[in-house]
Amino acid sequence: MTTATEWGEDHFIAGHLALDFANTVYRRWPETGADLFTDTDALAAWFARAGVLPDNSARARVTETTLTEARTLRALLWTVLDVHRDGRRPLPTDAFAGLLDTARHSVTDLTLRPDGSTSAHTPRGALAVVTLAGIMLVLNPPPRGVRACDRCGWFFIDSSRGRRRRWCSMKTCGNQAKVARHRSARP
Ligand SMILES: [Zn+2]
């Protein structure tokens, strides 16, 4: 039996909703690690923690179908974001079409306001909020684009002053890299 993920601030290091959503596996490199969306409760708790579906009753309404859709959306985001990050090829239209389909499929579960804000009424609507955020990110990228942790592949936006962020977090990957460097430097 797997235990449901306890979401904490260490899971929300990306500086962007769609990237935090994409970072819901233990790691992406060198191979895909454990899925942090362990079950429907974990997904409902993520929506609440991310602030996309604050309604406490959301938990009961996340179905297995929505969980499957969430995992599919995450895979589409990886495909699009990895190409975006690489910066040398056009975005893959198949995966991008998948994102548009996801948004279209769920847009009626949202309120879209004239000021550009959105709020979800259902878990499926919450997936649409994440999807729209991802689409907007790649169409209007931040100055240095989307980056990924050298060690685990989690995505983030580098808003550090020196623009030299290499790790998802200094506490985890940054520290491990430092220890590894120290070890290999020893005679
Ligand atoms: Zn990392």
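Scope of this entry: the structure provided in the associated data block. (Residues numbered from 1 in each chain as written. Predicted model: local features only at pLDDT ≥ 70, side-chain atom pairs only at ≥ 80, totals over all residues. Heavy atoms only, no water.)

### Quick notes on the overall build of the protein chain
In step 1: Looking only at helices and strands, the protein chain has 7 helices and 4 strands in total.
In step 2: Tracing the protein chain from N to C terminus, the helices and strands come up as α-α-α-α-α-β-β-α-β-β-α.
In step 3: In terms of C-alpha radius of gyration, the protein chain reaches 17 Å, essentially the compact-globule figure of 16 Å for 187 residues.
In step 4: Across the 187 residues of the protein chain, 44% fall into the buried class.
In step 5: Taking as baseline every contact in the protein chain between residues at least 6 positions apart, the subset at least 24 positions apart corresponds to 57%.
In step 6: Summed over all atoms, the accessible surface of the protein chain reaches about 10,400 Å², with 52% contributed by carbon and sulfur.
In step 7: Across the protein chain, the centroid of the 26 positively charged side chains sits 11 Å from that of the 19 negatively charged ones. (Helix = DSSP H or I, 4+ residues; strand = E, 2+ residues; numbered from the N terminus. Rg over C-alpha atoms; globule rule 2.2 N^0.38 Å. Buried < 20%, exposed > 50% of the residue type's maximum accessible area, 1.4 Å probe, protein only. Contact = heavy atoms within 4.5 Å. Areas by Shrake-Rupley, 256 points an atom, 1.4 Å probe, with all protein chains shown as cover. Lys, Arg positive; Asp, Glu negative; His and termini not counted. Charge placed at Lys NZ, Arg CZ, Asp CG, Glu CD.)

### Quick notes on the environment of Gly-145
In step 1: Relative to the assigned elements, Gly-145 resides in the loop between helix H6 (123–139) and strand E3 (147–148).
In step 2: Gly-145 sits in the buried class, given a relative accessible area of 12%.

### Things to note about helix H5 (residues 93–106)
In step 1: Look at H5: 20 Å from first C-alpha to last across 14 residues, which is about the 20 Å you get at 1.5 Å a residue.
In step 2: Of all the residues in H5, the buried ones are Ala-95, Phe-96, Gly-98, Leu-99, Thr-102, Ala-103 and Ser-106. All buried residues of H5 lie within an arc of 150° about the axis, which places them on one face of the element. Residues Thr-93, Asp-94, Asp-101 and Arg-104 are exposed on H5 and point more than 90 degrees away from its buried face.
In step 3: In the core, the buried residues of H5 are packed alongside helix H4 (64–86), strand E1 (110–112) and H6. (Expected span 1.5 Å × (residues − 1). Arc of directions from axis to C-beta.)

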